[in-house]
Amino acid sequence: KKTLQKELAMAINGHKKGIDDLKMELDARREQAVNRPTSPSSPSKEPSSPADAPVVDEEEFALVRTLKAKKHAYREAFENLKMCKSEVEYLNKRTEQARAKLVLDFEQWYQTEYEDGSMIAAMNNTTLEEGGDGEVMDDGEKFDRLEVERVMAEDPESLAYHKAAKNVFRKATVGAKGKTKRVL
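Summary of the structure given here. This structure is a prediction, so every number in the text was calculated from the model and none was measured.

**Focus: the overall build of the protein**
Part 1 of the argument: Scanning the protein from terminus to terminus reveals five helices and zero strands.
Part 2 of the argument: Residues counted as buried form 14% of the 184 residues belonging to the protein.
Part 3 of the argument: Of the roughly 15,200 Å² of accessible surface on the protein, a fraction of 57% belongs to carbon and sulfur atoms.

**Some remarks on the packing of aromatic side chains**
Working definition: an aromatic ring pair is given by the centre-to-centre distance plus the angle between the planes.
Part 1 of the argument: Tallied over the full model, the rule gives five aromatic pairs.
Part 2 of the argument: For the pair Trp109 and Tyr114, a centre-to-centre distance of 5.9 Å together with 85° between the ring planes defines the contact as edge-to-face.
Part 3 of the argument: Ring centres 5.2 Å apart and planes at 45° place the aromatic pair Tyr110 and Tyr114 in the tilted group. Here the residue Tyr110 and the residue Tyr114 both occupy positions in helix H2 (residues 58-114), the gap between them amounting to four residues, near one helical turn.
Part 4 of the argument: In this structure Tyr114 comes out as partly exposed when scored by relative accessible area, which is 31%.
Part 5 of the argument: Ring pairs connect the aromatic residues Phe106, Trp109, Tyr110 and Tyr114, which therefore count as one cluster.

**A word on the nonpolar core**
Part 1 of the argument: If you look at the biggest cluster of nonpolar residues, it comprises six residues: Leu8, Ile12, Ala77, Leu81, Cys84 and Val88.
Part 2 of the argument: Looking at this core, the elements with two or more residues in it are helix H1 (2-35) and H2.
Part 3 of the argument: The element that contributes the greatest number of residues to this core is H2, accounting for four residues.
Part 4 of the argument: If near-sequence neighbours (up to four positions away) are discounted, Leu8 is found in contact with Ala77, Asn80, Leu81 and Cys84.

**Considerations on the side chain of Gln5**
Part 1 of the argument: Looking at the element boundaries, Gln5 is found in helix H1.
Part 2 of the argument: Using a relative accessible area of 18% as the deciding quantity, one classes Gln5 as buried.

**Observations regarding the pattern of salt bridges**
Part 1 of the argument: The final tally for this structure, using the stated rule, is 11 salt bridges.
Part 2 of the argument: Note that Asp20 and Lys16 form a salt bridge whose closest N and O atoms lie 3.2 Å from each other. Highlighted residues: Asp20 and Lys16, both in helix H1, separated by four residues, approximately one helical turn.
Part 3 of the argument: According to the relative accessible area criterion, Asp20 is partly exposed, its value standing at 32%.
Part 4 of the argument: According to the relative accessible area criterion, Lys16 is partly exposed, its value standing at 36%.
Part 5 of the argument: As a salt-bridge pair, Asp105 and Lys101 come within 2.9 Å of each other at their nearest N and O atoms. Highlighted residues: Asp105 and Lys101, both in helix H2, separated by four residues, approximately one helical turn.
Part 6 of the argument: The partly exposed category is assigned to Asp105, whose relative accessible area is 32%.
Part 7 of the argument: Through salt bridges with shared partners, one network takes in Asp144, Glu147 and Lys166.

**Here's the deal with the environment of Leu159**
Part 1 of the argument: For Leu159, the position within the fold is in helix H5 (residues 159-173).
Part 2 of the argument: The exposure class assigned to Leu159 is buried, which follows from its relative accessible area of 10%.
Part 3 of the argument: Taking C-alpha positions, Leu159 is 9.7 Å from Glu147, a pair spaced 12 residues apart along the chain.
Part 4 of the argument: Residue contacts for Leu159: discarding those within four places in its chain leaves Val148, Val151 and Met152.

**Remarks on a negative patch on the surface**
Part 1 of the argument: Side chains of Glu135, Asp138, Asp139 and Glu141 sit close together on the surface and give a patch of like negative charge.
Part 2 of the argument: Along the chain, the position of Asp139 falls in helix H4 (residues 139-154).
Part 3 of the argument: Under the relative-accessibility criterion, Asp139 is labelled exposed at 62%.

What counts as what
Residues numbered from 1 in each chain as written. Predicted model: local features only at pLDDT ≥ 70, side-chain atom pairs only at ≥ 80, totals over all residues. Heavy atoms only, no water. Helix = DSSP H or I, 4+ residues; strand = E, 2+ residues; numbered from the N terminus. Buried < 20%, exposed > 50% of the residue type's maximum accessible area, 1.4 Å probe, protein only. Areas by Shrake-Rupley, 256 points an atom, 1.4 Å probe, with all protein chains shown as cover. Phe/Tyr/Trp six-rings, centres within 6.5 Å; stacked < 30°, edge-to-face > 60°. Core = buried A, V, L, I, M, F, W, Y, C linked by side-chain atoms within 4.5 Å. Contact = heavy atoms within 4.5 Å. Salt bridge = Lys/Arg side-chain N within 4 Å of Asp/Glu carboxyl O. Patch = residues over 30% accessible without salt bridge, like charges linked within 9 Å, V, L, I, M, F, W, Y side chains within 5 Å. Lys, Arg positive; Asp, Glu negative; His and termini not counted. Charge placed at Lys NZ, Arg CZ, Asp CG, Glu CD.

Now the structure itself:
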């Protein structure tokens, strides 16, 4: 829909440019007709009778018809653009509603699964000296475990953020071959 919206906007701009060009050409023709003396007997520029009124020639008539057609095409394209914009706005609102519903459903699921403290209890069942599979943890792993426990105790919802921030920092300071980069 957004690509259609862009195409319609470009078409509208093209129609508007065509309308402006035709108006300028039509105005120039009318200006020439007014400045051109019609007959030597009537020096004034005001027509004194219907016979002295400016005559529309075939070219000018064709320009007027083309101008009307361009204006009609412009109005149609503009209406289509308005419809497309309203559809895009409606779809954006629906997307936002769906996103909000997804977050709400996730939060409800999270509360039913982890709010009772089962995850914290499962993490506390293993000691700091042993991992979940009975291996002895080094100092870095112990620190990570303590940090996770602290975050879970303070604000369980922010655990994902802290893990992501830590990974980003690790990627920024450790190169592709595992060597530590210089931090400026």
